[in-house]
Structure formats: structure tokens, C-alpha cells
Amino acid sequence: MSYSHLPYTRCLDDPSTTFDIAVLGMPFDTATSYRPGARFGPFAIRSGSRRQFPERGYALDWMTNPFTRATMIDCGDVPVSPYDNALAIDQMETAYNTLLARPVNGSASSRTAKLARDEVEHPRILTLGGDHTIVLPILRSLHKVYGPISVIHFDAHVDTWPSSGRISEQSKVNHGTYFTLAFEEGLMSNTSIHAGIRNKVEGPELIEHDEEVGFELIMADDIDDLGTDEIIKHIRQRIGDSPVYLSFDIDTIDPGQAPATGTPEPAGWTSRETKRILRGLAGLNFVGADIVEVAPAYDNADVTGILAANLADDFLTLFVTDEPPKRHVQRKRTLTDEL
Ligand SMILES: [Mn+2]
């Protein structure tokens, strides 16, 4: 089945169907440090989207239906090698390059042409992971079109481990090092930001390294001191007008609400808080997005798959909206009247 009942086409092989936005699965999980299983993430997210329909896609919190604002399709999954990570990363980059080079359908307003080096409008891709390593081939591909870009990285972990000291070239590339490698390859501008961080590291020097790689840090706890509005403001200021990629690790969300992931960390944000922050990011220049690290073998009653599908709808909405929605739906009576 396709994501949110979108039309499914084998668009990697067949260029005849044009689109503005594509959903693409990357079932790769052979660079994971703890619990494996995110290769089944694309399946779980599509399965979690069964109750989402484009014709009933009007979200009251957004006050819009993203599916009416652009031509969207589900392109299925990239065939990735489960035996050879270097080959798999190459396969993912080739697939992303292929879709990024397709002409847009043109039913949506121009959004990426002003950001692209060739001044041509390029499609946007929402990738369903996969472990977080998939971001490296994606950033390599986006760099060819946009040059260095910013990243908004929702995660419990910084994913900027140093790449040195690993025993082989292949072991350097994993779901904790890919941002360091992306930095070393010049794929990112120095204006990226993490949100939701709460992992333990070897020592404070790792945070200095994180800054070198180009990230500012919003800790999970910051939500208690700053609130969602200040967090939104921080992210928007950091990113400004730059082309920006949104990468969302499901472990951002507290494991009580999203247990099905490879490296769960207690004391995360709730789904409601996170969705509110996401809505506040509308209007930034998004050139792509992903949701990663969903590993359904650890799920209960599909809660993680359903949440991931719901968040994926928010990412599609971020691709097509120009500003954050008004905060409240108009009510006939206020709560104070009722007291
Ligand atoms: Mn991650």
C-alpha cells in the first residue's frame, strides 16, 4: 500500500508520471549501533497512514489540506543492498539524484527555483527511513542542486560523532557519524540546529566538535524553560532564508509515545509539543525532509507507525505552506465564557 493512499508509481524506473512532491522509502538499517530493524520503517509508516486520505486531509491545526496544494505521489522503496553499506549508500544517492532531476508537475507555486544553482524548480522528496545514515547520500544529492544547505535535525542524539578512530572506511559511515562526514564533505552550511537532544556522550568536548560541524543545540529540557514559541524563534533565526533540510529521528519523541526505535532515550518531547514546534517552522525554505529510525518490531499497537505517518503529513504541509497557521480554531464561545 502507498503512503496516505497517494497514487503509487514505480517512478525510479518510469519517468512518465510527473509530480511536485514524492514519498520515497529507504529500507536501510545496517549502520545501526543498538537495536536493528529500521529497514521496516517505510512499511510501518505506510501502514500507520492507512487512516489518512488525501480527500479527507484537511488538518484543523494547520487549517489546510496539503494534498490539494501540490501533486504528490508515492514512489515506493529504493532497492538497497543489505550486505554492502557502500553500495547501499550509492544506490540511495542514485535514486535521490534521479527523482531530484525530474521536471516538476508545476501544479504548485514555485518554491525551489530561487534556491537552486540552475534556477530551475526541482521536486521535493519526503524520505521514509531507514536508519539515520540515509541522510548522508541525501545531502550529497541535494548539494549538487542547492550547494551547502542548513539542516534542522530533530533527534535525541547529536549524530556528530567524530569519524576518526573507526577501524575501516566502511565503519566510518554509520548512524552516529553521518553529519560529521557531511560537514567534512562541505555539504552543509554552518547554520544548522538540533532540537530535542538528551543523549549521553563521552565528555563535553563532543559538544565543541558539534559546534564545529555547524550545529546549535536545543536540548529536550529547554522546552520547560523556553516554551515552544521561543524554540520556534531560535530555529527560525538560525536558519533564516537558507535552503533547509528537515531530518526527523522518531526518537525525538518520548519512548512512551514512540517506543519503536533503535536507540530510545527517556524524557523526550511529546508528540503534541513537537507538532506545535513543526507548525511554527512553516515558510522556511524546505528542500527536502525525512522521518527515520522507526523500527516496528519494538512497537505496540502501531503507536509509533501511526505517529510517524501523522508527522510525515506535517512535513508535506511544511513543503506547501507559506506561514505558520493561526493558533486557534475560531470557537463560538471562549473557555472563560463557559466557566
Ligand atoms: Mn539520529
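Refer to the structure above for everything that follows.
Residues numbered from 1 in each chain as written. Predicted model: local features only at pLDDT ≥ 70, side-chain atom pairs only at ≥ 80, totals over all residues. Heavy atoms only, no water.

## Description of the overall build of the chain
Our working definition: In this description a helix means any DSSP run of H or I spanning at least four residues, a strand means any run of E spanning at least two, and both kinds are numbered starting from the N terminus. The globule rule used here is 2.2 Å times the number of residues to the 0.38 power, and the radius of gyration it is set against is calculated over C-alpha atoms. Three labels apply to residues, based on accessible area from a 1.4 Å probe with only protein chains included: buried if under 20% of the type maximum, exposed if over 50%, partly exposed otherwise in between. Only heavy atoms enter the contact rule, under which two residues are in contact if any of them lie within 4.5 Å. Here, Shrake-Rupley sampling with a 1.4 Å probe gives the accessible areas, and only protein chains in the shown set may cover a residue. Residues counted as positive are Lys and Arg, residues counted as negative are Asp and Glu, and His and the chain ends are not counted. Each charge is placed at NZ for Lys, CZ for Arg, CG for Asp and CD for Glu.
When you go through the chain residue by residue, the secondary structure sums to 10 helices and 8 strands. Relative to the globule expectation of 20 Å for 339 residues, the C-alpha radius of gyration of the chain, 19 Å, shows essentially globular dimensions. With the principal axes as the frame, the chain shows a C-alpha extent of 65 × 50 × 40 Å. Counting all 339 residues of the chain, 57% fall into the buried class. Contacts spanning at least 24 positions in sequence make up 79% of the contacts within the chain whose residues lie at least 6 apart. Of the roughly 14,700 Å² that the chain leaves accessible, carbon and sulfur atoms contribute 52%. Computed over 31 positive and 49 negative side-chain charges, the separation of the two mean positions in the chain equals 7 Å.

## Examining the side chain of Ser-49
As a reminder of what qualifies: N or O atoms closer than or at 3.5 Å make up a polar contact, with two conditions inside protein: a donor-capable atom paired with an acceptor-capable one, and, for residues adjacent in sequence, both atoms drawn from side chains.
Within the fold, Ser-49 resides in the loop between helix H1 (41-48) and strand S2 (72-77). Judged by its relative accessible area of 0%, Ser-49 is buried. Here the side chain of Ser-49 touches Arg-46 through a polar contact of 2.7 Å, landing on its backbone oxygen. Aside from chain neighbours lying at most four places away, what touches Ser-49 is Met-1, Ser-2, Tyr-3, Ser-4, His-5 and Ala-309.

## Here we look at the coordination of the manganese ion
Put simply, the rule is: Because water is not among the atoms used, a metal site may look incomplete, as its donors are only the N, O and S atoms within 2.8 Å, or 3.2 Å for Na, K and Ca.
For the manganese ion, the full set of protein donor atoms is His-132 (ND1), Asp-155 (OD), Asp-159 (OD) and Asp-249 (OD), at a range of 2.0 to 2.3 Å. Considered as a linear motif, the donors of the manganese ion on their single chain read H-x22-D-x3-D-x89-D. With His-132 in the loop between strand S3 (124-129) and helix H3 (135-146) and Asp-155 in the loop between strand S4 (150-154) and helix H4 (169-172), this pair connects stretches of sequence that are 23 residues apart. Of the two residues examined, His-132 and Asp-155, each falls in the buried class.

## Regarding helix H6 (residues 205-213)
Each α-helix turn comprises 3.6 residues. Residues three or four places apart therefore point the same way. Under the convention used in this document: Throughout, the arc means that of the directions going from the helix axis to the C-beta atoms.
Taken together, the buried positions of H6 are occupied by Leu-206, His-209, Asp-210 and Val-213. In an axial view of H6, the angular spread of the buried residues amounts to 105°, which keeps them on one side of the axis. In H6, the exposed residues that point more than 90 degrees away from the buried face are Glu-208, Glu-211 and Glu-212. Check the buried side of H6 and you find it contacts helix H5 (178-184), strand S5 (192-197) and strand S6 (215-219).

## Observations concerning the nonpolar core
As a reminder of what qualifies: By convention a nonpolar core is built from buried Ala, Val, Leu, Ile, Met, Phe, Trp, Tyr and Cys residues, the set being connected through side-chain atoms within 4.5 Å.
In terms of nonpolar packing, the biggest core is built from 49 residues, with Ile-152, Phe-154, Ile-235, Ile-250 and Phe-315 touching the most fellow members. In terms of residue count, the dominant contributor to this core is helix H9 (residues 303-320) (10 residues). In contact with Ile-250, other than residues within four places in its own chain, are Ala-258, Ala-260, Thr-261, Ile-291, Val-292, Glu-293, Val-294, Thr-304, Leu-307, Ala-308 and Leu-311. With 43 residues, the next largest nonpolar core counts Phe-19, Val-135, Val-145 and Tyr-245 among its residues.

## Re a negative patch on the surface
For clarity, the threshold we go by: Like charges are joined within 9 Å and nonpolar side chains (Val, Leu, Ile, Met, Phe, Trp, Tyr) within 5 Å, but only among residues with over 30% relative accessible area and no salt bridge; these make up the patches. Any carboxyl oxygen of Asp or Glu that lies within 4 Å of a side-chain nitrogen of Lys or Arg is treated as forming a salt bridge with it.
Negative charge collects at one region of the surface, where Glu-202, Glu-205, Glu-208, Glu-211 and Glu-212 lie side by side. Residue placement: Glu-205 occurs in helix H6. For Glu-205, a relative accessible area of 46% corresponds to the partly exposed category.

## Digging into the sheet that holds S3
Under the convention used in this document: When DSSP finds at least two bridges between two strands, those strands are taken to pair. Throughout, an axis means a line fitted to C-alpha atoms (over the contacting stretch in the case of helices), and angles, computed between N-to-C directions, take values from 0 to 180 degrees.
The 8 strands lie next to each other as S2-S1-S3-S8-S7-S4-S5-S6, forming an open sheet whose pairing is parallel. The open sheet is flanked by S2 and S6, the only strands paired with a single partner. Pairs of neighbouring strands in the sheet enclose a mean axial angle of 15°, with direction left out of account. As judged from the 4 bridges shared by strand S1 (residues 21-26) and S2, these two strands associate in the parallel manner.

## A word on the packing of helix H2 (residues 85-100) against H3
The geometry of a pair of packed helices is captured by two quantities: the angle between their axes and the separation between those axes. Our working definition: Take the far helix as your reference; a near helix turned counterclockwise from it by less than a right angle gives a left-handed crossing, and one turned clockwise gives a right-handed crossing. Nonpolar residues are Ala, Val, Leu, Ile, Met, Phe, Trp, Tyr, Cys and Pro. Charged residues are Asp, Glu, Lys and Arg, and all others, Gly as well, are polar.
Where H2 meets H3, the closest approach of the two axes is 8 Å, and the angle between their N-to-C directions is 35°. Viewed along their axes, H2 and H3 form a crossing whose handedness is right-handed. Between H2, through Ile-89, Met-92, Glu-93, Tyr-96, Asn-97 and Leu-100, and H3, the contact on the second element is made entirely by Pro-137, Ile-138, Arg-140, Ser-141, Leu-142, Lys-144 and Val-145. Within the contact of H2 with H3, the residues separate by chemical class into 8 nonpolar, 2 polar and 3 charged.

## Regarding the pattern of salt bridges
When their charged atoms lie close together, side chains carrying opposite charge are able to pair. All told, the structure shown has 13 salt bridges when counted by the stated rule. Measuring nitrogen to oxygen at the nearest pair gives 3.1 Å for the salt bridge that ties Asp-61 to Arg-279. Here Asp-61, found in the loop between H1 and S2, pairs with Arg-279, found in helix H8 (residues 271-279); they are 218 residues apart in sequence, far enough to count as distant. With a relative accessible area of 15%, Arg-279 lands in the buried category. Here Arg-140 ties to Glu-185 by a salt bridge, and the two come within 2.7 Å at their closest N and O atoms. Placement of the pair is Arg-140 in helix H3 and Glu-185 in the loop between H5 and S5, with a sequence separation of 45 residues. Its relative accessible area of 37% is what places Glu-185 among the partly exposed residues.

## Description of the packing of aromatic side chains
We apply this condition: Here a Phe, Tyr or Trp ring, Trp counted by its six-membered ring, pairs with any other such ring whose centre lies within 6.5 Å, and the pair is stacked when the planes are under 30 degrees apart, edge-to-face when over 60, and tilted otherwise. Put simply, a charge is over a ring when the Lys NZ or the Arg CZ is close to the ring centre, within 6 Å, and near the line of the ring normal, within 35 degrees.
Within this structure, the stated rule accounts for 5 aromatic pairs. On the basis of an interplanar angle of 55° and a centroid distance of 4.8 Å, the ring pair of Phe-179 and Phe-215 is categorised as tilted. You can see Phe-179 sitting in helix H5 and its partner Phe-215 sitting in strand S6, a full 36 residues away along the chain. According to the relative accessible area criterion, Phe-179 is buried, its value standing at 0%. The structure contains a cluster of three or more aromatic residues connected by ring pairs, namely Phe-154, Phe-248, Trp-269 and Phe-315. Note that Arg-56 overlies the ring of Phe-53, its terminal NZ or CZ placed 4.4 Å from the centroid.

Any functional reading would require information that these geometric values do not contain.
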